[in-house]
Each structure stands twice: as structure tokens, then as C-alpha cells.
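Remarks on the overall topology
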Amino acid sequence: DLFDSEFLIPSREAKRRYEAVLREWRAWKSAHPAQGPEQFLSELYRAATRGPVPWAWAAELVAAILATPLPHDRGPYQARYGGRITRPVNVADHEAFWAVACSRFRVSAVVTTNYDLLIERGLRHRPMRRGNRPGIYYGGLGRPQVLKGTALPFSAAKPDQFIELEGTIPLYKLHGSLNWGLEAGALRLYQDLRPAFRHGGDAQIVPPVVEKEAPRWLLDVWEGARQALTSCSTWLVCGYSLPTYDRAITRLVAEAGTTGALTRLVLMDPYATDLASRWHAVAPNAKLHLLPGLPEAVCPLLDLAG
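Residues numbered from 1 in each chain as written. Predicted model: local features only at pLDDT ≥ 70, side-chain atom pairs only at ≥ 80, totals over all residues. Heavy atoms only, no water.

1. Structural notes on the overall build of the protein
To keep it simple, the criterion reads: Helix and strand definitions follow DSSP, with helices as H or I runs of at least four residues and strands as E runs of at least two, each counted in order from the N terminus. For each residue, the accessible area found with a 1.4 Å probe, counting protein chains only, is set against the maximum for its type, and the residue is called buried under 20%, exposed over 50%, and partly exposed in between. Note on contacts: a residue pair is in contact if any heavy atoms of the two residues lie within 4.5 Å. Using a 1.4 Å probe, accessible areas were evaluated by the Shrake-Rupley method; residue-level cover was limited to the displayed protein chains. Counted as positive: Lys and Arg. Counted as negative: Asp and Glu. His and the chain ends are not counted at all. Each charge is placed at NZ for Lys, CZ for Arg, CG for Asp and CD for Glu.
Scanning the protein from terminus to terminus reveals 9 helices and 12 strands. On the principal axes, the C-alpha backbone points of the protein span a range of 55 × 55 × 35 Å. Burial analysis of the protein (306 residues in total) assigns 48% to the buried set. The long-range fraction of contacts in the protein, counting pairs at least 24 apart against all pairs at least 6 apart in sequence, stands at 68%. A total of about 15000 Å² of accessible surface is found on the protein, and carbon and sulfur atoms cover 51% of it. Taking the average location of the 36 positive side-chain charges in the protein and that of its 30 negative ones, the two points are 4 Å from each other.

2. So, helix α7 (residues 247-259)
To keep things clear, this is the line we draw: Residue count minus one, scaled by 1.5 Å, sets the expected span of a helix. By construction, the arc corresponds to the directions joining the helix axis to the C-beta atoms.
Counted at 1.5 Å a residue, the expected span for α7 with its 13 residues is 18 Å, and the 18 Å between its end C-alpha atoms agrees. Those residues of α7 that fall on the buried side of the exposure criterion are A248, I249, L252, V253, A256 and G257. Down the axis of α7, the buried side of the element spans an arc of 160°, and every buried residue falls inside it.

3. As for helix α6 (residues 219-231)
Its 13 residues give α6 an end-to-end C-alpha distance of 19 Å, which sits within 8% of 18 Å, the value for a rise of 1.5 Å per residue. Turning to α6, the residues buried within the fold contact β1 (110-112), β5 (169-173), β10 (234-238) and α7.

4. Re the side chain of R198
Relative to the helices and strands, R198 is located in the loop between β8 (186-189) and β9 (204-205). The buried category is assigned to R198, whose relative accessible area is 16%. When near neighbours in sequence (up to four residues on either side) are disregarded, R198 contacts G181, L182, E183 and Y190.

5. What about the packing of aromatic side chains?
What counts here: We call Phe, Tyr and Trp rings a pair once their centres come within 6.5 Å, taking the six-membered ring for Trp, and we label the pair stacked below 30 degrees between planes, edge-to-face above 60, and tilted otherwise.
As enumerated under the stated definition, the model contains 9 aromatic pairs in all. Judged by centre distance (6.0 Å) and plane angle (85°), the rings of F3 and F40 are edge-to-face. Linking F3 in the segment before α1 (12-31) with F40 in helix α2 (residues 37-47), this pair joins segments that are 37 residues apart in sequence. With respect to burial, F3 and F40 carry one shared label: buried. Residues W180 and W217 carry aromatic rings whose centres are separated by 6.1 Å and whose planes lie at 70° to one another, so their mutual orientation is edge-to-face.

6. Some words on the nonpolar core
Counted only if it meets this: The nonpolar core is taken to be a set of buried Ala, Val, Leu, Ile, Met, Phe, Trp, Tyr and Cys residues, with the residues joined through side-chain atoms within 4.5 Å.
In this structure, F3, Y138, W235, L265 and W279 are the most contacted members of the largest nonpolar core, which totals 86 residues. No other element matches helix α3 (residues 55-67), which puts 9 residues into this core.

7. Notes on the packing of α1 against α3
Just so we agree on the cut-off: Only C-alpha atoms enter the line fits that serve as axes; for helices the fit covers just the stretch in contact. Angles between N-to-C directions range over 0 to 180 degrees. With respect to orientation, any angle under 35 degrees is reported as roughly parallel, any angle over 145 as roughly antiparallel, any angle of 65 to 115 as roughly perpendicular, and every other angle as oblique. Throughout, the ten residues Ala, Val, Leu, Ile, Met, Phe, Trp, Tyr, Cys and Pro are labelled nonpolar, Asp, Glu, Lys and Arg are labelled charged, and all others, Gly among them, are labelled polar.
Close contact between α1 and α3 brings their axes to 9 Å; oriented N to C, the two are set at 100°. It follows from the interaxial angle that α1 and α3 lie roughly perpendicular. Here A14, R16, R17, Y18, A20, V21 and L22 of α1 come into contact with α3, specifically with W57, A58, E60, L61 and A64. Of the residues that constitute the contact of α1 with α3, the class distribution is 9 nonpolar, no polar and 3 charged.

8. Some thoughts on the pattern of salt bridges
Side-chain pairing between opposite charges can occur once the charged atoms of the two side chains come close. In plain terms, the rule: Throughout this description, the term salt bridge denotes a Lys or Arg side-chain nitrogen within 4 Å of a carboxyl oxygen of Asp or Glu.
Evaluation of the coordinates by the stated rule reveals 10 salt bridges. One salt bridge connects R198 with E183, and the closest N-O pair in it is separated by 3.7 Å. Taken together, the residues R198 in the loop between β8 and β9 and E183 in strand β7 (residues 180-183) connect sequence positions 15 residues apart.

Structure, rendered in C-alpha cells:
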């Protein structure tokens, strides 16, 4: 339901581009009823400027959809500055999961294909005693990592205009992030999601692609993720189905799962039973634990940790 969501439209020109992408999506979906948005986006990305609509327009629309915060998640900010990295996540299921992961496991790295900031806001941007959150930094990108924000004048709790990611857990975002923008050819990190809405959308994100097509600035992120997965004896997999069209990540996972230290894989997914054979193929030496999705997986995860 990605393209059925409500989203912020920052300008009339953006509206024109969004409508063109949505028309193309509806036509493509009619011709490919069994496939979904990720396959559609992957085809546009491979076609580049030769496609019916430019990939940049599709990326702009997807970024706007995912970056538009729900009203209760904006805080005192405009929509384009909502859902800041400094605001704790307010999703109870995520909070429950991170509470277990941080207290009962030794989390050494997090790998994700998601563009949003829910992981950052769950693990926090710096170590926090409250809730036992170790904080994150972006794995594969240079440090120090200083993020620009929007200060609030006349506020007793004014957030800093600049913060540094000071956490201990590397977060590898294999497909980029909505708070990564491009300035003068260089990657710039933000506390909020403004790159999704400015300059025709310059959030640095890519769809599922074969690894050789990934942009150069993501190569260190992928390599860091590969090394992290290879070194871990336990993987906690939340809701990732190893889709067949995401060939690059399947190869990455299979390489780490067959040659690394992995001995236990905990799959948390509403369709875990159906996905068991797929995960066993990429991690044949690991003991597979099948749990339901969140939040039902929290209690059995506690038992496994104990």
C-alpha cells in the first residue's frame, strides 16, 4: 500500500512529478498484478532516464511518502522536519523489542534495508542510561558524524542545531537513508528528513539492486555490513523475507551465513514457517528458531535469550 498513503506535497512542481509517477505505477500494476512497489521501483532504477518517468521522480515520491510523519510524531515541527533522530521512538512494539535486545543480548551491529529513522530513534543517537540504549553511528561512513538540525528559539528544551552520533552500535543502511542528503557532491547528514522534500528530493536512497549497480558511496556500507554479519554467532532477523528480486542482499547474507561465525538464526515474522526453507538455504549451518512477528515475538525471544 506504499502508493496509497498520504504525503506532504511541498510544491506545485513536485505535485506534477508525483502525479506522473503515480500514473505510471497504476499502469505498471495493471500489467503486473502479482508484483509490488519494490519491483516497480527496481525496474525504473535500471531503466534510468530511458524509462517512462525518471528514477529521480520516483525516488522523490517514495521519500516524501516515507518521510511524512504521522501527526502525533511531528512534535513542534513542520512535517518536513518531523520525526527527528533525537526524538525517542514512540512505537511500543519497537520499544519492547529493543528493551529485550539491549538487556538480554550483546548487540554488536544492526543491518537494515529501511530508509526511515525508527532504528536510530529506538537505539538513540547517543548512549542513554534511561532504557539502557547504547546509541548508534552510521557504519560505513566516516566519523565524526555531525548531523544538522533545526534549533527551536524561545524553548527551554531547545534541541541543538548540530549533534554528533556518539553511540557504540554501527547501523548499516544498505539502501541509504532519508536523512542523508547531497551537498556539492558530498554526503551530508541531518537530524530530520528534510532531504526528502527539498531541491526535487535529494535524499540518498536506492531500491533493491544488484550489488554492482549500487552507488560508490554505499560500497563501504555494504562491506561493513558483510563483515559484521560474518562475525556474529546469532542473528535476530525482524520481518525480512529475503525477496527473490533483492539478489544482492541475498548473496551478501548467504556469504556471511555460510562462511562466518553464525550458529543461531532467530526469525521473527508472521510468515516465519513459510520462509524457513529460504533462510535455511542461506544459513545451512545455523539452528533456526521461528517466532511470530512483533509484538508476539518478544516473550519467546526472552526465553531464547535466557
